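Residue-level listing of the chains:
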Amino acid sequence: MKVYEFGNLSNPVILLLPGTCCHWKCNFGHVIDGLSLRFRVAIVSYDGFDEMEDTTYVSMLDETEKIESYINKNYGGKIYAAYGCSLGGSFVALLINRQKIHINHGIIGSSDMDQMPKWLAKVVTAVLAPVIYPLITGKGGFVKKLVDRKTERHPEDAEYRQKFMDMMGMGKMNLSFISIESVKNQFCTDLYTPVGKNIDVPGTTIHVFYAKKMGNKYLTRYKKYFAKPDIIEFDLQHEELLLDAERFVTEVTRVCM
């Protein structure tokens, strides 16, 4: 695992945690400059998803322990804020609930917070990983055709879909260094690793960027996992707010200040 840092060292630290199978730079590169005006930006690059390392993603708990170790070593165990994109939101919840480090402001980015039995997570992974992996690494010609067909049927979502794929790095950079093992382990352990329920830690405010177009069931989940969430509703799709750099930076800064 690596952490890339940007901005003035004297600014409060905001930790950014990528989504499922996302490359750190594709996920957050467009918001670094804006956030760096007020924060010391630290972006996690998970094991198995960084071209500068020869590593394999093992599990969500393994990665969490490495993040905690980094925060303890480099920031004295305390950071001002953490934003988690999708999967990253589960990391934020887990980091807060374990209380091995302290985060003043935890921001959940339209995460689905899915939880299921381990056996079922393995079944789901066995079905979806062979579809996801080729698409991420640029070898999924058939899957891409399906995406293109969906775009043709729903042109109103074409811009969003393209930006979302760019954010994941699909077609934007060579991600062939990512192994199928890393994809399976990240996808599967996210599905079955419990993050806690009714999370409420003194001195920590949990903000949820709720994308209403994902459906009301996600709002129900947020109220299940967090005792007193500050829910900010947006009439947007999954992580659509993050795709708009200026608006995203404005909202993150607002909830943290």
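The notes below deal with the structure included here. (Residues numbered from 1 in each chain as written. Predicted model: local features only at pLDDT ≥ 70, side-chain atom pairs only at ≥ 80, totals over all residues. Heavy atoms only, no water.)

**Focus: a nonpolar patch on the surface**
(1) Moving on: Among the surface-exposed residues, Trp119, Val123, Val127 and Leu128 lie close enough to one another that they form a single nonpolar patch of about 410 Å² accessible area.
(2) Moving on: Here valine 127 shows up in helix α5 (residues 118-136). (Patch = residues over 30% accessible without salt bridge, like charges linked within 9 Å, V, L, I, M, F, W, Y side chains within 5 Å. Areas by Shrake-Rupley, 256 points an atom, 1.4 Å probe, with all protein chains shown as cover. Salt bridge = Lys/Arg side-chain N within 4 Å of Asp/Glu carboxyl O. Helix = DSSP H or I, 4+ residues; strand = E, 2+ residues; numbered from the N terminus.)

**Concerning helix α7 (residues 158-167)**
(1) Moving on: All of the buried residues along α7 are Tyr160, Arg161, Phe164, Met165 and Met167. The buried residues of α7 occupy an angular sector of 155 degrees when the element is viewed end-on, so they sit on one face.
(2) Moving on: Backbone geometry just after α7 places glycine 169 at a positive phi near 90 degrees. (Buried < 20%, exposed > 50% of the residue type's maximum accessible area, 1.4 Å probe, protein only. Arc of directions from axis to C-beta.)

**Quick notes on the side chain of threonine 204**
(1) Moving on: Position of threonine 204 relative to the elements: it lies in the loop between α8 (180-192) and β6 (205-211).
(2) Moving on: Here threonine 204 is in contact with Ile96, His102, Ile103 and Asn104, once residues within four sequence places are set aside. (Contact = heavy atoms within 4.5 Å.)

**Some words on unusual backbone geometry**
(1) Moving on: Even without glycine at this site, cysteine 21 takes up a positive phi of about 60 degrees.
(2) Moving on: Locating cysteine 21 in the fold gives a position in the loop between β2 (13-17) and α1 (24-28).
(3) Moving on: A positive phi is found at serine 86, a non-glycine position, where the angle reads about 55 degrees.
(4) Moving on: Positionally, serine 86 belongs in the loop between β4 (78-85) and α4 (87-98).
(5) Moving on: What makes serine 86 buried here is its relative accessible area of 14%.

**Regarding the environment of threonine 20**
(1) Moving on: Following the sequence through the fold, threonine 20 ends up in the loop between β2 and α1.
(2) Moving on: Threonine 20 sits 166 residues away from glutamine 186 along the chain, and the two C-alpha atoms are 7.2 Å apart.
(3) Moving on: Setting aside chain neighbours within four positions, we find threonine 20 in contact with Leu87, Met168, Gln186 and Phe187.

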